[in-house]
Amino acid sequence: MFGELDALRLSKVLTDIQLGMHYRARPTVAQLLVDQTNRLLPDTMRSPAPGAYDTKPHMLRNRGIAQLGRVLERDQVEAVHAYFRSRPCFAAHVAGKSDGTPRTIEQCAERGHYGSYTIADVLNAPFLPELANREDILSLVESYLGCPPTLYSVNAFWSFPAQNRPWPGIQTFHRDFDDFRFCTMFLFLTDLTPENGAHYYIPGTHRIEMMNKVFAEKTAAWQQQFAGQPEKMPKVDFDGLFAENADLNEPCAHLFTGAIDTVTAEAGSAVIEDTYGLHKGDIPKSNRLVVWFRYGLYKNLTNYRDSIMPLPRGALAGRIPETLRHKYINRLMVEP
Ligand SMILES: [Fe+2]
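Residues numbered from 1 in each chain as written. Predicted model: local features only at pLDDT ≥ 70, side-chain atom pairs only at ≥ 80, totals over all residues.

Student: Lay out unusual backbone geometry with the relevant residues and their values.
Tutor: Of note in the backbone geometry, Phe 127 takes a positive phi value of approximately 75° without being a glycine. Note that Phe 127 resides in the loop between helix H6 (119-123) and helix H7 (128-132). Phi angles above zero are rare outside glycine, and Ser 307 is one such case at about 55°. Here Ser 307 lies in the loop between helix H11 (301-305) and helix H12 (324-329). (Helix = DSSP H or I, 4+ residues; strand = E, 2+ residues; numbered from the N terminus.)

Student: Outline the sheet that holds strand S2 (residues 114-116), listing residues and values.
Tutor: The six strands are arranged S1-S7-S4-S9-S3-S2 in an open sheet whose pairing can be described as antiparallel. The sheet is open, and its two borders are formed by strand S1 (65-70) and S2, each paired with just one other strand. Neighbour-to-neighbour, the strand axes of this sheet turn through a mean angle of 25°, independent of strand direction. Strand contacts of helix H8 (residues 135-145): strand S4 (183-188), strand S7 (269-273) and strand S9 (288-296), with the helix running at about 150° to S4, the strand carrying the most contacts. (Pairing = 2+ DSSP bridges. Axes fitted to C-alpha atoms, helices over the stretch in contact; angles between N-to-C directions. Contact = placed C-beta atoms within 7 Å.)

Student: Could you give me a rundown of the nonpolar core, with the residues and numbers involved?
Tutor: In terms of nonpolar packing, the biggest core is built from 73 residues, with Val 122, Val 141, Leu 151, Leu 187, Phe 188, Leu 189 and Val 290 touching the most fellow members. Apart from the residues within four sequence positions on either side, Val 141 is in contact with Pro 149, Cys 183 and Tyr 295. (Core = buried A, V, L, I, M, F, W, Y, C linked by C-beta atoms within 7 Å. Buried ≥ 20, exposed ≤ 12 C-beta atoms within 10 Å, placed from the backbone.)

Student: An account of helix H9 (residues 208-225) is requested, with residue identities and associated values reported.
Tutor: The end-to-end C-alpha separation of H9 is 25 Å, in line with the 26 Å expected for 18 residues at 1.5 Å each. The element H9 is largely exposed, with a buried count of one among its 18 residues. (Expected span 1.5 Å × (residues − 1).)

Student: Now, about helix H4 (residues 74-85): what can you tell me, with residues and values included?
Tutor: For H4, spanning twelve residues, the distance from its first C-alpha to its last is 17 Å, which sits close to the expected 16 Å at 1.5 Å a residue. Of the positions making up H4, those classed as buried are Val 77, Val 80 and Phe 84. Angularly, the buried residues of H4 cover 60° about the axis, an arc narrow enough to put them on a single face. Residues of H4 that are exposed and angled more than 90 degrees away from the buried face: Asp 75, Ala 82 and Arg 85. Each element contacted by the buried residues of H4 is listed here: strand S3 (150-159). (Arc of directions from axis to C-beta.)

Don't take any of this as a statement about function, it's just geometry.
Here is the structure:
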């Protein structure tokens, strides 16, 4: 009866711990969660390891971002667009945080930056649950996390143009703090170009040792450049780069100019990222549709904040394999 209260309390406490502790301890807690997950789950629930010549696990581990290339064909992208056009849109980045009033895409665009769809509509969309469970993607995700993943958030959202101010914490450089270790697959359903709706990621910023290296190099360069005029040296609060801060644009501009990945993509392609690493979206010039699938270690607070309730058992029968492993991975999306 109070099982859900226990789960909610633990997820709140774990989030408080993550935000309150020193960021250097984060990987240690992540590994404790990974080890316990592996002890509790049978070995039969592990995904096969990625192929030895697959570069994506290496890219995700070291850069924090791996390109998946095209995952949906053009006609499949059109089918997904047609489906979402037939569904009610909600005027928020995540439908669970909206005023609950169903609107058209155009009505949402008039009201602000974002429009989004309910979890049920995202999960019932053509091709999407299958993509979230594609064997090579689950294998990549598990190799990154270190244990069978938990799919804790899915979303499909429009970003609208004609907004002259970036939305802090989404369209400014920031970190996500969903879990102690997690990654997000972004599926782009409209074309992204450098001039229109690009996504930005700063490689290596998901790892403390990489941040240390960049910071040390920059500081040494600045000391040379501003020798005798220390007051002119850019002031960057290193610890502040690991804080929950909605706008890290200014320190990022000092530290990472020339080192920022501009993610451009054809509609139907995807990337997978550790969004603890510094990232942001952009105000697009035309309506931009993106889907995300987020994989982590446990039922975290983001799952509650996004108001995700699992669909009834069997709701995706025939679309997701009926194995114990898939039931575990998808348990927050569909009752197992
Ligand atoms: Fe984010």
